[in-house]
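What the coordinates show
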Amino acid sequence: MPPELKIQLLRYVVTVVEEGGFHAAARRLHRTQPALSMAIRDLEQKLGQPLFERTGKGAMTPFGQYCLPRFRDLINQHDRLARDIMAHSEGRHGHVNLATVPSVASRIMPALLAGFTTRNPGPDISLHDENAEFVCRMVAQGEVDFGITSLWQSDDRLDYQHLFEDKIGVVVRNDHRFAGHTELRWQDLIGERIIRNGTSRVLQNSSAASLIDNSAFFISNMISLIAMLEAGAGITTLPRLAFPEGPTNLCFIPLHEPRLVRGIGLVTLAGRTLSPAAQAMADYILAELRQPA
């Protein structure tokens, strides 16, 4: 069985060579010269050959000259490996896979990712833009490290950490009779043609549930939903973040009675430890977005 080569002893040998002798090397290493000489002698005994001539001036034997570049290579390899492991441990290397609902992906994640990568330039990041159910499914199946989404029902496979609430409102075309209102009650919507969407389940189990029960349309795709609204095919309810930015002939009116919100949180796989890079990003998101309960 080959002898165990301790990196520290190899560093002693290299230092003696670099300093030109045992006395100067001991001073640089903050060790006594007898202790340094004894440590190197122990290494020589393990190797079965002397590394230095017995003149005491740090001159190497032919065997020592053979070992020196190999000791240096081993030290450099050890140091590179240690730096890489520590960088990974501290979240400065690695890959982060996350999924978010579209409204968070477009409205929140750009600034969030810019801030995180400024502080942590090492990790590679993949962002998936999916609906709430698919985000949860990706987390549960281990396809992503974590998700930012709504958790519509409890799931023992997932851990949910609440971030913030996204208020629900009514979206109508600018020429609709509701367009000038500052807020609406659900009773005001009775008789309107309601277009359901993926977030309409917020209305379930509330006094506004009848609005979606009597809806004639369901559109899951946001681009198609906006097109239907702009065409005057009906009105819908949306979280505030999901309301499109930029030029549009639509307006958002808060729903006052009942006051409804979509909870947005960070979802991880229960019982699973995140990689250091993913944990660093999850911690950053929680610090930046979590609102007091």
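Presented here is an overview of the structure given in this document.

Basis of the calculations
- Residues numbered from 1 in each chain as written.
- Predicted model: local features only at pLDDT ≥ 70, side-chain atom pairs only at ≥ 80, totals over all residues.
- Heavy atoms only, no water.
- Salt bridge = Lys/Arg side-chain N within 4 Å of Asp/Glu carboxyl O.
- Helix = DSSP H or I, 4+ residues; strand = E, 2+ residues; numbered from the N terminus.
- Buried < 20%, exposed > 50% of the residue type's maximum accessible area, 1.4 Å probe, protein only.
- Axes fitted to C-alpha atoms, helices over the stretch in contact; angles between N-to-C directions.
- Parallel < 35°, antiparallel > 145°, perpendicular 65-115°, else oblique.
- Left-handed = near helix turned anticlockwise from the far one by under 90°.
- Contact = heavy atoms within 4.5 Å.
- Nonpolar A, V, L, I, M, F, W, Y, C, P; charged D, E, K, R; others polar.
- Core = buried A, V, L, I, M, F, W, Y, C linked by side-chain atoms within 4.5 Å.

On inspection of all chains with the given rule, the structure shows 12 salt bridges. Linking Asp-145 and Arg-272 is a salt bridge whose minimum nitrogen-to-oxygen distance equals 3.5 Å. Linking Asp-145 in the loop between helix H7 (132-140) and strand E3 (146-149) with Arg-272 in the loop between strand E10 (261-269) and helix H10 (276-289), this pair joins segments that are 127 residues apart in sequence. Residue classification places Asp-145 among the buried positions, given a relative accessible area of 11%. Residues Arg-157 and Asp-155 are paired through a salt bridge, measuring 2.9 Å at the closest nitrogen-oxygen approach.

The contact between helix H6 (residues 109-119) and H10 brings their axes to 11 Å, and the two run at 125°. As judged from the angle between their axes, H6 and H10 are oblique. Between H6 and H10 lies a crossing whose hand is right-handed. Residue-level contacts link Met-109, Leu-112, Leu-113, Gly-115, Phe-116 and Arg-119 of H6 to Ala-277, Ala-280, Met-281, Tyr-284, Ile-285, Glu-288 and Leu-289 of H10. For the contact of H6 with H10, the per-class residue count stands at 10 nonpolar, one polar and two charged.

With 27 residues, the main nonpolar core has Val-104, Met-109, Phe-146, Leu-163, Met-281 and Ile-285 as its most contacted residues. Mapped by element, the contributors of at least two residues to this core are strand E1 (95-100), H6, E3, strand E4 (158-173), E10 and H10. Of all hydrophobic cores here, the second largest spans 21 residues; its members include Ala-26, Leu-43, Phe-52 and Ile-75.

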